Amino acid sequence: MPITDHTHAIALNHHWQKIAFIAALCERHEPNFQLYCETQDQTDNSLLYRKFLNKVWEYLLEQLTSMRNLEKALLQFEEVVPEPCEDDGYGVYPALDACLLLISSLQMILDDSIDDVDISANLSAATVTHFLLFTGNADDENQTLNHPLLQEELAFQQRIISDLADDQISKLTRLKNIRSELNLNSVSNLGIEAS
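Residues numbered from 1 in each chain as written. Predicted model: local features only at pLDDT ≥ 70, side-chain atom pairs only at ≥ 80, totals over all residues. Heavy atoms only, no water.

Draft legend 1. Region of interest: the packing of helix 3 (residues 43-60) against helix 9 (residues 171-184). Viewed as axis vectors pointing N to C, helix 3 and helix 9 meet at an angle of 155°, and their least axial separation amounts to 10 Å. In terms of their interaxial angle, helix 3 and helix 9 are classed as roughly antiparallel. Of the residues in helix 9, those in contact with Arg-50, Asn-54, Trp-57 and Leu-60 of helix 3 are Lys-171, Leu-172, Leu-175, Ile-178, Arg-179 and Leu-182. Here the contact of helix 3 with helix 9 is built from residues that sort into six nonpolar, one polar and three charged. (Axes fitted to C-alpha atoms, helices over the stretch in contact; angles between N-to-C directions. Helix = DSSP H or I, 4+ residues; strand = E, 2+ residues; numbered from the N terminus. Parallel < 35°, antiparallel > 145°, perpendicular 65-115°, else oblique. Contact = heavy atoms within 4.5 Å. Nonpolar A, V, L, I, M, F, W, Y, C, P; charged D, E, K, R; others polar.)

Here's what the structure looks like:
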C-alpha cells in the first residue's frame, strides 16, 4: 500500500526542486544516522554524511566549485553505508534509509535523467512506519497512518513541496528559507534530536 499520494513529481517541475526536496529529507534523517554512528563508534561516518549533504546544498545554492568533487564524494560515501546483514540492531535500518536518500540526491546531481523524488518520499515515510511497527506504537500499517509521527512526516513533505513550488520568490531565497527552517528544527522524522 503506497504511503504517499505521488503528487510530488507533478508539484515539483524542476530537477533542482526534486534534489532540494530529497536534501530536506536527508536533513530530517541525519539525526537517525548520527545516533547509529555514535552507537557503532563511527563518528567519522556521521561527519562524512554532514560534509556530503553540505555539498548538495552548495550545488543547489550554486556555490559548488567542481562536479568532480561530487563524484568522489559519492564513491567515498557509498563505502560507509551500513549493511543490515552485518548488524542485528534496529538502528541500522533508519541509518541505511538516511544513506540511500543522500546517495539519491548526489546521483540526481550527477545525472539529470534520474528522478528519485517519489521513491525518496515513500522511503522516508516507510522509515517512520517501520519504526512505529517495531516499537509497538502501531499493530499494523493501517494504524500507522493516523499516528502523529507519520502525520508529521507527511505534513513536512507537503510543506517542503509547497515552499519549493512557490515561484513568487527566487530559487535561492526558497532554498535559503528551507535550509534555515531545517537548521532551527534538528529533530529527525523518528523524534530523535541531533547531538
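Having seen the model, we can carry on.
Draft legend 2. Spotlight on the environment of Gly-136. Along the chain, the position of Gly-136 falls in the loop between helix 6 (117-134) and helix 7 (141-144). As for Gly-136 and Gly-91, which are separated by 45 residues in sequence, their C-alpha atoms are 15 Å apart.

Draft legend 3. Structural view of the environment of Asn-69. With respect to the helices and strands, Asn-69 occurs in helix 4 (residues 67-78). Accessibility expressed as a relative area gives 30% for Asn-69, which makes it partly exposed. Separated by 17 residues in sequence, Asn-69 and Phe-52 place their C-alpha atoms 9.9 Å apart. (Buried < 20%, exposed > 50% of the residue type's maximum accessible area, 1.4 Å probe, protein only.)

Draft legend 4. Region of interest: the pattern of salt bridges. A full pass over the atoms with the stated rule returns eight salt bridges. The partner of Asp-115 in a salt bridge is Lys-18, and the shortest N-O contact between them spans 2.8 Å. Of the two residues, Asp-115 is situated in the loop between helix 5 (92-110) and helix 6 and Lys-18 in helix 2 (residues 15-39); the sequence distance between them amounts to 97 residues. Classification of Asp-115 by relative accessible area gives partly exposed; the value is 36%. Note on Lys-18: relative accessible area 11%, which makes it buried. Of the charged contacts, one joins Glu-153 and Arg-28 as a salt bridge, the two residues approaching to 3.1 Å between their closest N and O atoms. You can see Glu-153 sitting in helix 8 (residues 148-165) and its partner Arg-28 sitting in helix 2, a full 125 residues away along the chain. Looking at Glu-153, the relative accessible area reads 0%, which means it is buried. Using a relative accessible area of 7% as the deciding quantity, one classes Arg-28 as buried. Linked by salt bridges that have partners in common, Arg-28, Glu-152, Glu-153, Arg-159 and Glu-181 make up one network. (Salt bridge = Lys/Arg side-chain N within 4 Å of Asp/Glu carboxyl O.)

Draft legend 5. Layout of the packing of helix 4 against helix 5. One way to put it is that helix 4 packs onto helix 5 with a least axis distance of 10 Å and a crossing angle of 155°. Classified by the interaxial angle, the pair formed by helix 4 and helix 5 is roughly antiparallel. For helix 4 against helix 5, the interelement crossing comes out left-handed. Contact residues: helix 4 offers Met-67, Leu-70, Glu-71, Leu-74, Phe-77 and Glu-78, while helix 5 offers Cys-99, Leu-102, Ile-103, Leu-106, Gln-107, Ile-109 and Leu-110. A class-by-class count of the residues in the contact of helix 4 with helix 5 yields ten nonpolar, one polar and two charged. (Left-handed = near helix turned anticlockwise from the far one by under 90°.)

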